[in-house]
Amino acid sequence: MRWMPVLFLLGISGLIVLINQHKITHRYLAAFGWLYLTGLAIILFTPISYDGTSISIMPSGTGRVNLRNFYLHGLQFWENIILTVPLGILLKKMVPQMPLLVIAILGVIFGGAVESFQYFMSNHWLINRSSDINDVIANAAGIIIGSLAVIVYQFYQEKNHLKQDN
């Protein structure tokens, strides 16, 4: 029962992605995006826990909420940043004209939405996930870093293209 919401959403979203993509290049990007988002949803919204050495299924429960204690370092903080870097890359690739400030705002909104949804699912489906302000900050930072990586890559691509033309 605790797995049903995530499995349902993943199945429906996968079908929508595959049906609506007509160009083959966009289909590969959409398939990669869907696989990444599937993995992200499994990590974020299922009762799976990884303690560094083993993967286990957490017991039913409501988790905890942290809105005050900032802990902006440590392995878990960096894992959350790394987890959302591909999302920033996908976002910047899909909407290249989007300014970095808008991406940063979307990163904060995304992080807040993930933590709110974890809180909701933890209380209604007992997935035992914690909601943490540090995760919101790390998610936003990862999205910004991913978008910056695309901007830097495009800058160097244009610079090398100009050198080859001269």
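Shown above is the structure to which this text applies.
These figures come from a predicted structure and were not determined experimentally.

Colleague: What should I look at first to understand unusual backbone geometry in this one?
Modeller: The general pattern is negative phi for most residues beyond glycine and trans for most peptide bonds. Here Asn128, not a glycine, exhibits a phi torsion of approximately 60°, which is positive. Among the secondary structure elements, Asn128 is positioned in the loop between α4 (100–124) and β4 (131–132).

Colleague: Hey, could you run me through a nonpolar patch on the surface in this one?
Modeller: The grouping of Phe8, Leu9, Ile12, Ile16, Phe117 and Phe120 at the surface amounts to a nonpolar patch, some 560 Å² of accessible area in total. At the level of elements, α1 (4–20) and α4 are the ones that each hand at least two residues to the nonpolar patch.

Colleague: What is the right way to look at the nonpolar core in this model?
Modeller: A general trend in soluble globular proteins is that nonpolar side chains are found buried together. The biggest cluster of nonpolar side chains holds 16 residues, and the ones touching the most others in it are Val6, Tyr36, Leu40, Ala41, Leu44, Phe45 and Met121. Of all the secondary structure elements, the ones that give two or more residues to this core are α1, α2 (24–45), α3 (75–94) and α4. No other element matches α2, which puts five residues into this core. When near neighbours in sequence (up to four residues on either side) are disregarded, Leu40 contacts Leu83 and Phe110.

Colleague: Would you take a moment to explain helix α5 (residues 133–165) for this structure?
Modeller: Since the α-helix turns once every 3.6 residues, residues separated by three or four places project in the same direction. Taking 1.5 Å of rise per residue, 33 residues should cover 48 Å, and α5 covers 49 Å from first to last C-alpha, within 8% of that figure. Between the side-chain oxygen of the N-cap and the backbone nitrogen of Asn134 there are 2.9 Å, and the N-cap of α5 in question is Asp132.

Colleague: Explanation requested: the side chain of Ser122 in the structure shown.
Modeller: Position of Ser122 relative to the elements: it lies in helix α4. Residue class for Ser122 comes out buried when judged on its relative accessible area of 0%. Residues in contact with Ser122, not counting those within four places in the same chain, are Gly61, Thr62, Gly63, Ile127, Asn128 and Arg129.

Colleague: Sorry, what's going on with the environment of Gly107 here?
Modeller: Position of Gly107 relative to the elements: it lies in helix α4. Counting along the chain gives 31 residues from Gly107 to Ala138, while the straight-line C-alpha distance between them is 9.3 Å. When sequence neighbours within four positions are dropped, the list of residues in contact with Gly107 reads Ala140 and Ile143.

Colleague: What is the right way to read the environment of Gly146 from this model?
Modeller: Tracing the backbone shows Gly146 in helix α5. On the basis of relative accessibility, which here comes to 0%, the residue Gly146 falls in the buried class. On a C-alpha basis, the gap between Gly146 and Ile55 in space is 27 Å, while along the polypeptide they are 91 residues apart. Aside from chain neighbours lying at most four places away, what touches Gly146 is Val85, Gly88 and Ile89.

Colleague: What exactly am I supposed to notice about the pattern of salt bridges here?
Modeller: Oppositely charged side chains are able to pair whenever their charged atoms sit close together. This structure, assessed with the given rule, holds one salt bridge. Across the pair Arg64 and Asp132 runs a salt bridge, and its minimum N-O distance is 3.9 Å. Here Arg64, found in the loop between β2 (55–57) and β3 (65–66), pairs with Asp132, found in strand β4; they are 68 residues apart in sequence, far enough to count as distant.

The rules we used
- Residues numbered from 1 in each chain as written.
- Predicted model: local features only at pLDDT ≥ 70, side-chain atom pairs only at ≥ 80, totals over all residues.
- Heavy atoms only, no water.
- Helix = DSSP H or I, 4+ residues; strand = E, 2+ residues; numbered from the N terminus.
- Patch = residues over 30% accessible without salt bridge, like charges linked within 9 Å, V, L, I, M, F, W, Y side chains within 5 Å.
- Areas by Shrake-Rupley, 256 points an atom, 1.4 Å probe, with all protein chains shown as cover.
- Salt bridge = Lys/Arg side-chain N within 4 Å of Asp/Glu carboxyl O.
- Core = buried A, V, L, I, M, F, W, Y, C linked by side-chain atoms within 4.5 Å.
- Buried < 20%, exposed > 50% of the residue type's maximum accessible area, 1.4 Å probe, protein only.
- Contact = heavy atoms within 4.5 Å.
- Expected span 1.5 Å × (residues − 1).
- Polar contact = N/O pair within 3.5 Å; in protein donor to acceptor, adjacent residues only side chain to side chain.

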